[in-house]
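# Examining the three-dimensional arrangement
One-letter residues, chain by chain:
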4 protein chains.
Amino acid sequence: MAGNTYGKVFKISTFGESHGTAIGVIVDGCPAGLPLDLEAIQHELDRRRPGQSKIVTQRKEADQFELLSGVFEGKTLGTPIAMVIRNKDYRSRDYSHIFDKYRPSHADFTYDQKYGFRDYRGGGRSSARETAARVAAGAIAKQLLAQHNIKITAYVSQVGELALTQAYQNLDFDYIEKTPIRCPDPELAEQMITLIKSIRKAGDTIGGTINAVVQGVPVGLGEPVFDKLHAELGKAMLSINACKGFEYGSGFEGVKMRGSQHNDIFERKNDVISTKTNYSGGIQGGISNGMDIYFRVAFKPVATIIQSQTSVDNQGNSVDIQGKGRHDPCVVPRAVPIVEAMTALVLADFILRRKTDFL
Amino acid sequence: MAGNTYGKVFKISTFGESHGTAIGVIVDGCPAGLPLDLEAIQHELDRRRPGQSKIVTQRKEADQFELLSGVFEGKTLGTPIAMVIRNKDYRSRDYSHIFDKYRPSHADFTYDQKYGFRDYRGGGRSSARETAARVAAGAIAKQLLAQHNIKITAYVSQVGELALTQAYQNLDFDYIEKTPIRCPDPELAEQMITLIKSIRKAGDTIGGTINAVVQGVPVGLGEPVFDKLHAELGKAMLSINACKGFEYGSGFEGVKMRGSQHNDIFERKNDVISTKTNYSGGIQGGISNGMDIYFRVAFKPVATIIQSQTSVDNQGNSVDIQGKGRHDPCVVPRAVPIVEAMTALVLADFILRRKTDFL
Amino acid sequence: MAGNTYGKVFKISTFGESHGTAIGVIVDGCPAGLPLDLEAIQHELDRRRPGQSKIVTQRKEADQFELLSGVFEGKTLGTPIAMVIRNKDYRSRDYSHIFDKYRPSHADFTYDQKYGFRDYRGGGRSSARETAARVAAGAIAKQLLAQHNIKITAYVSQVGELALTQAYQNLDFDYIEKTPIRCPDPELAEQMITLIKSIRKAGDTIGGTINAVVQGVPVGLGEPVFDKLHAELGKAMLSINACKGFEYGSGFEGVKMRGSQHNDIFERKNDVISTKTNYSGGIQGGISNGMDIYFRVAFKPVATIIQSQTSVDNQGNSVDIQGKGRHDPCVVPRAVPIVEAMTALVLADFILRRKTDFL
Amino acid sequence: MAGNTYGKVFKISTFGESHGTAIGVIVDGCPAGLPLDLEAIQHELDRRRPGQSKIVTQRKEADQFELLSGVFEGKTLGTPIAMVIRNKDYRSRDYSHIFDKYRPSHADFTYDQKYGFRDYRGGGRSSARETAARVAAGAIAKQLLAQHNIKITAYVSQVGELALTQAYQNLDFDYIEKTPIRCPDPELAEQMITLIKSIRKAGDTIGGTINAVVQGVPVGLGEPVFDKLHAELGKAMLSINACKGFEYGSGFEGVKMRGSQHNDIFERKNDVISTKTNYSGGIQGGISNGMDIYFRVAFKPVATIIQSQTSVDNQGNSVDIQGKGRHDPCVVPRAVPIVEAMTALVLADFILRRKTDFL
């Protein structure tokens, strides 16, 4: 039983292999009457697309989307919104040398075992190219959330050992898009870029982390006991290619604290109940409490390296594999819009699910 | 739209408030013909129940379950399996003092906001008591997995600053259940127990982490692109009360590595394709690759402390709250069987979903 | 993949075998704050229970339900509502003679084939006893619909050849519950009762139809293109034991009409847009249009007869089967509250689904 | 919460408005390794397309589909299969005269009320054009079923008063596709064609029924208690535009029978257990019993007539409406492949769901 759909009310279903005819997405359950800014969708795709800067893959993919349905006279109809992105620059020959080989830490082996065979061209369905469809859908979710004044900001917080230590409240979010690394600390951003360039020069790759902050979330989003808000955020993040971990609020560091330190004391401020601290990360009992939601996501080093590696082929024979093509030395700069998109999809779904809480 | 069901084929739906008449669970989708060991279910409930040792809450709850349906002549019928656990030792008066107050870092405020009112007795639906239903269901899932020779082991890996640093391969899993803290390192276990006792004496609480290892998993479990095996594991863990983070394989530490170090090289060993290292944590492209699956889960310090705290009531007035009753100073020892249960539920679901991969 | 859950937002999951410990239901997704009249639930169960009149089975089952969760201080909490009905009068020996035999037109054979074995006592899960759980859940749905002034009325419209020909507008709905046959035409009701008595005397059974009318439905319920309002009503009715057909509005007779006769002309009346005729049965394009919804449901003759029949056992050997016990000669009088319950469940689900149509 | 997806394991999601850019479908959950005959898909679309004969609408729509994903080297990958059909011959001006008017017995009014506005061109999403996407998906399901030797045959059984009375066993199924009316009785077929021509000449329309027979179904398909095989077939049929009723096996006529007549006696024949009669329609307890499945579906007269009708506009003003364009005088000939497609989708889903019945 396949798993290509995310969401329960605001639902997306993606399709497409990296080097097939097209990838795309159906957004079903978007409410009617939402004015849709198509350029804003393209803008998000541009933030994710290859070739956008010197520190990402130099593949040339325009990632122009075509809208097929669900919008009329500029507004959503309440019917499924289908979007398609054609695959243009695929250069299938780049992959012919590995059609029977299992690239280390890729999904070649597991897809072959699971399905009996696979589209070996560029990873097929397991390629991160699929995330373009999520970004297009997420751009619609963002427009829905904007109606509720909910704002999502993601940024690179670590590359290798280079980690951003300031709390998000002390960062200049406006700087994020001003640097190709999407880290809001100018000095650290430069160091990260330098590191990535040296890594790429060595034909190697490196991991990193992304932080996200969601502001303006109303109280009441999230559905106990399994579909807790942070549980769905976790699933959504972990479903992104290369993701290895998720923590929110105080996270893994919080386990060292005492309850007397960690508890977020309630207070009334300007007639609104809020908490003095926010170790809860804006979520209590799986439900948003009106404070900022923040979380951190880990991404492993990209598996494709331009170095020779040993492996096996589909007969179990030993083979050498040499990465070719144009790949990302580090996934995090391009993953920022993906993290934002998945966050938007989770929240849009919960905004709609919340509507049925009362009579 | 509520979220009290987990799983798509092997599905559980839990119900019940902490101090209502009963809690319970329906397991739907368990295949027919599974011989069911009811004592093994009770055994798992006993591993989770209060009062089992000196370092957990001293509440007396027997947590005896009653089987209502789905089993005939010792085997599952393929019909829904309903189990109920009556709430006996509830002492409602323990909670009357906080019926209109919002305990810090509890779900009182968010439930009130989400639903308009709440069952304030012992946290109602938000109480960790609900996890007993999960453990009962998970015990059935474990019996299904045993048919496939899949074995799940969880253990406490950290309490406060006290962290277990050995790899799981070097641990004696047999020791886990020999100590009330469920940490397989005898010396560290003693230190953890001493720490928890001192914490409790201070009327305080502390966080911790649990590691889990799944052995014997066949290749092919997990459903791209959203229901990746680790994404569902992450959601399942994050849905447990007090959970703040999830990482698998190399996790957050892995972001510091180079791709050339992190890649798991394939090799053929005894006619089976495996990997030399296992930074992937047994999952590639969201699908199990046959290697051990391992992950780590963070739990915050318990919110109920036996110290006076300021807060607000449902009118926004400042109030003092003094924790009463018998609570856990640290959640991790009793969370071990819960982590195992949720892991079993995830895997049982994927075992069944996998059956539809081929014609 | 099992199918024991109905509904997407207002969801019910039933469990239980006819002669196991208990049957029951979880209602999940009922909005918070609904004042719940427990006596009204018991009243609906009493309308369905055996032994209520001379023309139904004389089995003695009190069908008292116990509420386990989801309600606090008289109102729904927004959490799962669990209800259990214990099985008391099961007389297992009545069924021991058929444990390996396949009763004609029962589900014995298909359950055995599907699941490998079955609970042969009284039909187990395939028994119509399961519908008691639906009726209990439907009674909650009815209370939700009452808040929206939606009223559901079902009645017996045919027994064997005896058919009610008047349009529902000409019937006295108040009479329905005044006769055990639940047919609103007093004279025809008497004939039906006489017919059923003679059928029972002959150890035989007979079929019938039930009509239902839903009044006060707001415009806009139903979800194109698959979850059309009438498609879900049809599925819900067809899921009731012994149901063989469903038609709404003009139904099968309407196929003989011309479009120029069949089209329902719109008009404005008292500032409301309505239709002059209602061949559409209150549904257009799968969405309610504000007119009365009406439909008809066919039920086959009960399969258990008190006559000797030939059959086979589970080895394929020829056997004779003689119906024993106390069975319904005609299912329709007791099916009236079941039809109403399933109708209420469909509408409650769509009322909640409708809430997400707009921003 | 929208309803544009059908199926639980073999799932389809359709999209598209009649006069938007395109319509299409994603098939998710089709097992890997199915050799896919693309011409067979186009063939099914050709059976449904406008302009195929003199008795259907003369609109010129080629309905060529494009495959976007999910197939590699001629076989399904186990990933989502996306297919798109561009809208070419839409002549939007044909509809401009009714943009604010509510055509009688169409979905104009209900869509406007449900979503706040609508794509008024050719019915938009409510147009029967959407069923082309179902037919494309159903053609894949048929190929899956062919692997299991399951064969679906649908045919026109009634147009207006002209009804086919023979049992399906006495019909020559080979004749169905030899006549544009798709009725297997040559003489009656001619009468039906003559009737439809006269109806069209009068600018009117007429209803009809379609019968379907499924042969070769294995025992065990269908999921109690809600997702009974006939309940899902009913829902699937009722979700087709213009459908007003569904009955299977003995159907509405069966209600007149005695149990002693209606019961299907089991016998062993050639070591297979079968039934002497088949009033059950091949389904007992919601599960296929290995006998032929047969059912009947009612379709109302097409709402678009070429006659003047009164109606209201969206302000409630009285207006006259005159049907224009090229419409079907009777829906049933073109609905035959749609009925087959939906039947195939239901069965494909249950074939896969059945795989999880056992350990």
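Heads up: the structure comes first, above all this text.
Presented here is a report on the structure given in the accompanying data block. (Residues numbered from 1 in each chain as written. Chains lettered and ligands numbered in written order. Predicted model: local features only at pLDDT ≥ 70, side-chain atom pairs only at ≥ 80, totals over all residues. Heavy atoms only, no water.)

Here we come to the pairing of strand β17 (residues 308–312) of chain D. Looking at chain direction, β17 of chain D and strand β18 (residues 318–322) of chain D are connected through five bridges and run antiparallel. Of the residues in β18 of chain D, the one forming a bridge with Ser308 of chain D is Gln322 of chain D. (Pairing = 2+ DSSP bridges. Helix = DSSP H or I, 4+ residues; strand = E, 2+ residues; numbered from the N terminus.)

Moving on: the sheet that holds strand β1 (residues 5–6) of chain D. All names here are of chain D. Sheet architecture is open: five strands sit in the order β1-β2-β3-β7-β4, paired in antiparallel fashion. The strands lining the two open edges of the sheet, one partner per strand, are β1 and β4 (65–67). The pairing of strand β2 (residues 11–15) with strand β3 (residues 22–28) spans five bridges and is classified as antiparallel. What sits directly across from Ser13, in β3, is Ile26.

Here we come to the interface of chain C and chain D. A common way to state how big an interface is: give the accessible area lost once the parts meet. If you look at the interface, chain C gives 112 residues, while chain D gives 112 residues. Across the chain C/chain D interface, buried area totals approximately 8,600 Å², and carbon plus sulfur atoms make up 59% of it. For the pair chain C and chain D, the number of links is eight salt bridges. Taking the shortest distance from any N to any O, the salt bridge between Asp357 of chain C and Lys114 of chain D comes out at 2.9 Å. Our enumeration of links across chain C and chain D arrives at 63 residue pairs in polar contact (both at pLDDT 80 or more). In terms of residue class, the side of chain C that touches chain D is made up of 42 nonpolar, 44 polar and 26 charged. (Contact = heavy atoms within 4.5 Å. Buried area = accessible area lost by both parts, 1.4 Å probe. Salt bridge = Lys/Arg side-chain N within 4 Å of Asp/Glu carboxyl O. Polar contact = N/O pair within 3.5 Å; in protein donor to acceptor, adjacent residues only side chain to side chain. Nonpolar A, V, L, I, M, F, W, Y, C, P; charged D, E, K, R; others polar.)

The next subject is the packing of helix α1 (residues 38–48) of chain C against helix α8 (residues 332–354) of chain C. All names here are of chain C. Remark: α1 packs on α8, axes separated minimally by 7 Å, with the N-to-C direction vectors making an angle of 140 degrees. By the angle between their directions, the pair α1 and α8 is classed as oblique. Between α1 and α8, the residues in contact are Glu44, Arg47 and Arg48 and Arg334, Val336, Pro337, Ile338 and Glu340, respectively. Residues that form the contact of α1 with α8 fall into these classes: three nonpolar, no polar and five charged. (Axes fitted to C-alpha atoms, helices over the stretch in contact; angles between N-to-C directions. Parallel < 35°, antiparallel > 145°, perpendicular 65-115°, else oblique.)

With that out of the way, let us pick up the side chain of Arg47 of chain C. Residue and element names in this part refer to chain C. Turning to its location among the elements, Arg47 is positioned in helix α1. For Arg47, a relative accessible area of 7% gives the class buried. Apart from residues lying up to four places away in sequence, Arg47 is in contact with Gln52, Lys142, Glu177, Arg182, Val336, Pro337 and Glu340. (Buried < 20%, exposed > 50% of the residue type's maximum accessible area, 1.4 Å probe, protein only.)

Next up on the list: the interface of chain A and chain C. On the side of chain C, 14 residues touch chain A, which itself brings 14 residues to the contact. In this assembly, chain A packs against chain C so that about 1,200 Å² is buried in total across both faces, 67% of it on carbon and sulfur atoms. The largest per-residue losses of area from chain A upon contact with chain C belong to Lys355, Thr356 and Leu359 of chain A, which jointly make up 52% of the total buried on that side. There are zero salt bridges connecting chain A and chain C. Applying the counting rule to chain A against chain C returns six residue pairs in polar contact (both at pLDDT 80 or more).

On to helix α3 (residues 108–115) of chain D, then. Within α3 of chain D, seven of the eight residues are buried, leaving the element largely enclosed by the surrounding structure. Buried residues in α3 of chain D make contact with β12 (266–269), β13 (272–275), β14 (283–284), β15 (287–288) and α8 of chain C. Residue Gly116 of chain D follows α3 of chain D closely and has a positive phi angle near 90 degrees.

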